[in-house]
Amino acid sequence: MITIRQQQLKALRAASREEFVRQVAEHVRECWPDAHASLGVAGMRQYVRAAIDRAEAYGISTQYGVVGFVDLLLALGDDFDTNDAFPWAREILTRDVPAREKIDTLELYAREVLGENGHA
């Protein structure tokens with residue numbers, strides 16, 4: 001029988017999280033090249049880590065949800081979830097519904113605000 005210590009589990013989780021951060025940052029590089037270029041690789045990874053923490057605070061932790069949350073941050077602004085210009089955002093984010101429903105609903109509202117292409 002193999003025994004995995006807590007420290008080993010913690011290291012595995014950290015490695016998995018960093019791979020997730022890398023994947024989301026790569027998405028940003030492909031879809032938001034100006035934002036990625038302005039922060040650079042290390043800066044974008046830090047931005048993604050912070051976005052993951054914020055998304056998790058709203059019950060969003062899947063790759064789909066986090067990527068959607070990051071896209072919304074980049075499209076609407078880093079404070080979209082607290083900005084009075086988007087009162088619907090906080091209401092949607094705090095609903096007791098699945099994360100995918102939150103992101104899909106937010107994206108619908110954002111398209112109305114930004115137009116169909118989703119970029120400001």
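Here is what the cut-offs are and how they apply
- Residues numbered from 1 in each chain as written.
- Predicted model: local features only at pLDDT ≥ 70, side-chain atom pairs only at ≥ 80, totals over all residues.
- Heavy atoms only, no water.
- Phe/Tyr/Trp six-rings, centres within 6.5 Å; stacked < 30°, edge-to-face > 60°.
- Helix = DSSP H or I, 4+ residues; strand = E, 2+ residues; numbered from the N terminus.
- Buried < 20%, exposed > 50% of the residue type's maximum accessible area, 1.4 Å probe, protein only.
- Axes fitted to C-alpha atoms, helices over the stretch in contact; angles between N-to-C directions.
- Parallel < 35°, antiparallel > 145°, perpendicular 65-115°, else oblique.
- Left-handed = near helix turned anticlockwise from the far one by under 90°.
- Contact = heavy atoms within 4.5 Å.
- Core = buried A, V, L, I, M, F, W, Y, C linked by side-chain atoms within 4.5 Å.
- Expected span 1.5 Å × (residues − 1).
- Arc of directions from axis to C-beta.

**Digging into the packing of aromatic side chains**
Right, on to step 1. Applying the stated criterion across every chain, the model contains 4 aromatic pairs.
Right, on to step 2. Residues Tyr-58 and Phe-69 carry aromatic rings whose centres are separated by 6.2 Å and whose planes lie at 45° to one another, so their mutual orientation is tilted. With Tyr-58 in the loop between α2 (33-57) and α3 (63-76) and Phe-69 in helix α3, the pair connects residues that are 11 residues apart, well separated along the chain. Across the pair, exposure class does not vary: Tyr-58 and Phe-69 are buried alike.
Right, on to step 3. Residues Trp-88 and Tyr-109 carry aromatic rings whose centres are separated by 5.1 Å and whose planes lie at 20° to one another, so their mutual orientation is stacked.

**Let's talk about the packing of α3 against helix α5 (residues 99-114)**
Right, on to step 1. At a minimum axis distance of 10 Å, the contact between α3 and α5 shows a crossing angle of 25°. As the angle between them shows, α3 and α5 are arranged roughly parallel. For the element pair α3 and α5, the recorded crossing hand is left-handed. Along the contact surface, α3 presents Tyr-64, Gly-65, Gly-68, Phe-69, Leu-72, Ala-75 and Leu-76, while α5 presents Arg-100, Ile-103, Asp-104, Leu-106, Glu-107, Ala-110, Val-113 and Leu-114.

**Describing the nonpolar core**
Right, on to step 1. Ile-60, Phe-69, Phe-80 and Leu-106 are the most contacted members of the largest nonpolar core, which has 33 residues in total.
Right, on to step 2. Those elements that provide at least two residues to this core are α1 (6-31), α2, α3, α4 (87-93) and α5.
Right, on to step 3. It is α3 that contributes the most residues to this core, 8 residues altogether.
Right, on to step 4. Setting aside residues no more than four positions away along its own chain, Ile-60 makes contact with Ala-55, Gly-65, Val-66, Phe-69, Leu-93, Ala-99, Lys-102 and Ile-103.

**Here's the deal with α5**
Right, on to step 1. Between its first and last C-alpha, α5 extends 22 Å over 16 residues, near the 22 Å set by a 1.5 Å rise per residue.
Right, on to step 2. By the burial criterion, the buried members of α5 are Ala-99, Lys-102, Ile-103, Thr-105, Leu-106 and Ala-110. Angular distribution of buried residues about the axis of α5 spans 165°; they occupy a single face of the element. Along α5, exposed side chains directed more than 90 degrees from the buried face belong to Leu-108 and Glu-112.
Right, on to step 3. In this fold, the buried residues of α5 make contact with α3 and α4.
Right, on to step 4. In the stretch just after α5, Gly-115 is the one whose phi turns positive, near 100°.

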